[in-house]
Amino acid sequence: MTQSEGVQQCAPSFQNRRIIMDPRMNRILQNRDKMLIGIDDTFQFNCNQCGKCCMNREDILCTPKDVFRISKKLGISTYDFIKKYCDSYLGDTSHMPIVRIVPHDAAGHCPLLENNKCVVHECKPVVCAMYPIGRTICIDTSVKNSKDMNVKDIEFLFTHPIRCGKTETHTVREWLTQFGIPIEDEYFIQWHKTISILSPLIQKAITKIRVDSMNQILNIIFVKLYMDYDLEQDFFPQFIANRDMMIKMLNDLPIHGGEQDG
């Protein structure tokens, strides 16, 4: 079986699958303005590797870059990583394929946690590496080129974490830098730009194309965005090529008026 055939077989059926919002995510959305924190503002936190922040989490979402880096670290294909550790579904509003790491036991432990330590610590999902800091970005859909998007569009949130003993003072800038996360993160911008472009194209297609055909299209998008990579090559150029291919595919769909495809 080729890698391409393997990832195609791994692609899920997205029909009627929608994200169930995790209570923590709901709390963040409801209290977003209160959680905003500046890049040089301070916050109190200390990690004593108790593993508590790796338990009972339904919201560990992986970007394509996360999937790529973790798969490479584990020495397995993107196909095998997603099949073994994750599930996938459609975002409720974006209708974009989403990949999340699934807790593996009744206690809600992350499957990548062993003896309270992350086995992929050096390349853990960015949402984990940044904890207790989160980030959001405001996309102006009238902006056609991501280079026109200023870094001021990226906002940071302090999520008021689980207490882990004595706290230490950090700035957001220092916290991100120590984990190798760029302040001006081009991939973060490009990923959200990708969502802002693909999402309306997908939503339009869903209203025009019959279910079985649309499910095939969603599977292709899922595979190309998350799985179809050569782990021995640089990630970013492959991501951009895959993204542009998906945009072209959706723009080329024969959607006419209110009719479904035949």
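Residues numbered from 1 in each chain as written. Predicted model: local features only at pLDDT ≥ 70, side-chain atom pairs only at ≥ 80, totals over all residues. Heavy atoms only, no water.

Peer 1: Can you walk me through the overall build of the protein chain in this structure?
Peer 2: For the protein chain, the helix and strand inventory stands at ten helices and ten strands. Sorting the 262 residues of the protein chain into buried and exposed places 45% on the buried side. Within the protein chain, counting contacts between residues at least 6 apart in sequence, those at least 24 apart form 78% of the total. Element-wise, carbon and sulfur atoms account for 51% of the exposed surface of the protein chain, whose accessible area totals about 14100 Å². (Helix = DSSP H or I, 4+ residues; strand = E, 2+ residues; numbered from the N terminus. Buried < 20%, exposed > 50% of the residue type's maximum accessible area, 1.4 Å probe, protein only. Contact = heavy atoms within 4.5 Å. Areas by Shrake-Rupley, 256 points an atom, 1.4 Å probe, with all protein chains shown as cover.)

Peer 1: What should I look at first to understand the sheet that holds strand 8 (residues 133–137) in this one?
Peer 2: Across a sheet, paired strands are connected by hydrogen bonds in the backbone, their directions being either parallel or antiparallel. The sheet built from three strands is open, its strands ordered 1-9-8 with antiparallel pairing. If you trace the sheet from one side to the other, it starts and ends with strand 1 (36–37) and strand 8, each paired once. With five bridges joining them, strand 8 and strand 9 (residues 154–158) adopt antiparallel strand pairing. Note on strand 9: the bridge partner recorded for Ile133 is Phe158. Taken strand by strand, helix 8 (residues 186–208) contacts strand 8 and strand 9, and its axis lies near 50° from that of strand 8. (Pairing = 2+ DSSP bridges. Axes fitted to C-alpha atoms, helices over the stretch in contact; angles between N-to-C directions.)

Peer 1: Looking at this model, I keep getting lost on the confidence of the model for the protein chain. Mind explaining?
Peer 2: Regions with low pLDDT carry predicted coordinates that are not meant to be interpreted in detail. Residues with a pLDDT of 70 or more make up 79% of the protein chain, whose mean pLDDT is 82. The element-level mean pLDDT for the protein chain is lowest in helix 1 (residues 3–10), coming to 47, with helix 4 (residues 64–74) highest at 97. Segment residues 256–262 is flagged for pLDDT under 50; beyond a separation of four residues in sequence, or across chains, it makes eleven contacts in the model. (pLDDT = per-residue confidence, 0-100.)

Peer 1: For this particular structure, what's the right way to read the sheet that holds strand 3 (residues 61–62)?
Peer 2: Taken together, three strands build an open sheet; the order of strands is 3-5-4 and the sheet is antiparallel. On the outer flanks of this sheet lie strand 3 and strand 4 (86–90), each paired with one strand and no other. One ladder, built from two bridges, connects strand 3 with strand 5 (residues 97–101); its direction is antiparallel. Across the sheet, Cys62 pairs through a bridge with Val99, a residue of strand 5. Packing of helix 9 (residues 211–226) onto the sheet brings it into contact with strand 3, strand 4 and strand 5, and relative to strand 5 it is tilted by some 55°.

Peer 1: How should the side chain of Thr159 be read in this particular structure?
Peer 2: Mapping Thr159 onto the fold places it in the loop between strand 9 and strand 10 (168–171). A residue is classified by how much of its surface remains accessible, and Thr159, at 4% relative accessible area, is buried.

Peer 1: Which parts of the structure should I look at to understand helix 8?
Peer 2: The periodicity of an α-helix, 3.6 residues per turn, causes residues three or four positions apart to be oriented the same way. For helix 8, built from 23 residues, the straight-helix expectation of 33 Å at 1.5 Å per residue is met to within 8% by its first-to-last C-alpha distance of 33 Å. Between a side-chain oxygen at the N-terminus of helix 8 and the backbone nitrogen of Tyr187 the separation is 3.2 Å; the capping residue is Asp185. (Expected span 1.5 Å × (residues − 1). Polar contact = N/O pair within 3.5 Å; in protein donor to acceptor, adjacent residues only side chain to side chain.)

Peer 1: I would appreciate a short explanation of the packing of helix 4 against helix 5 (residues 78–85) in the present structure.
Peer 2: Think of two packed helices as two axes; the pair is described by the angle between the axes and how far apart they sit. At a minimum axis distance of 9 Å, the contact between helix 4 and helix 5 shows a crossing angle of 95°. Classified by the angle their axes make, helix 4 and helix 5 are roughly perpendicular. Across the interface between the two elements, Val67, Phe68, Ile70, Ser71 and Leu74 from helix 4 touch Thr78, Phe81, Ile82 and Tyr85 from helix 5. Residues belonging to the contact of helix 4 with helix 5 are distributed by class as follows: seven nonpolar, two polar and no charged. (Parallel < 35°, antiparallel > 145°, perpendicular 65-115°, else oblique. Nonpolar A, V, L, I, M, F, W, Y, C, P; charged D, E, K, R; others polar.)

Peer 1: For this particular structure, what's the right way to read the pattern of salt bridges?
Peer 2: Note on pairing: side chains with opposite charge can pair once their charged atoms come close. Enumeration according to the criterion identifies eight salt bridges in this entry. Notably, a salt bridge pairs Asp87 with Arg100, separated by 3.1 Å at the nearest N-O pair. One end of the pair, Asp87, is in strand 4; the other, Arg100, is in strand 5, and 13 residues separate them in sequence. You can call Arg100 buried: its relative accessible area is 12%. Close ionic contact of Asp228 with Lys224 constitutes a salt bridge, the shortest N to O distance being 2.7 Å. For Asp228, a relative accessible area of 25% translates into the label partly exposed. (Salt bridge = Lys/Arg side-chain N within 4 Å of Asp/Glu carboxyl O.)

Peer 1: Sorry if this is basic, but what is going on with the packing of helix 4 against helix 10 (residues 235–251) here?
Peer 2: Contact geometry of helix 4 with helix 10 gives a least axis separation of 11 Å together with a crossing angle of 140°. Regarding the angle of helix 4 to helix 10, the classification is oblique. Pair helix 4 / helix 10 crosses with right-handed handedness. Of helix 10, the residues touching helix 4 (which contributes Pro64, Lys65 and Phe68) are Phe235, Gln238 and Phe239. Here the contact of helix 4 with helix 10 is composed, by residue class, of four nonpolar, one polar and one charged. (Left-handed = near helix turned anticlockwise from the far one by under 90°.)

Peer 1: Is there a simple way to think about the packing of aromatic side chains in this case?
Peer 2: Any aromatic ring pair is given by two values, namely how distant the centres are and how the planes are angled relative to each other. Under the defined criterion, the tally for this structure stands at 15 aromatic pairs. For the ring pair Tyr187 and Phe235, a centre distance of 5.5 Å and an interplane angle of 75° mean the geometry is edge-to-face. Taken together, the positions of Tyr187 in helix 8 and Phe235 in helix 10 put the pair 48 residues apart, joining distant regions of the chain. No difference in accessibility class separates Tyr187 from Phe235, as the two residues are buried. One aromatic cluster is present, formed by Phe68, Tyr187, Trp191, Phe222, Tyr226, Tyr229, Phe235 and Phe239 through successive ring pairs. Positioned above the aromatic ring of Phe188 is the side chain of Arg135, whose terminal nitrogen or guanidinium carbon lies 3.9 Å from the ring centre. (Phe/Tyr/Trp six-rings, centres within 6.5 Å; stacked < 30°, edge-to-face > 60°. Lys NZ or Arg CZ within 6 Å of the ring centre and 35° of its normal.)

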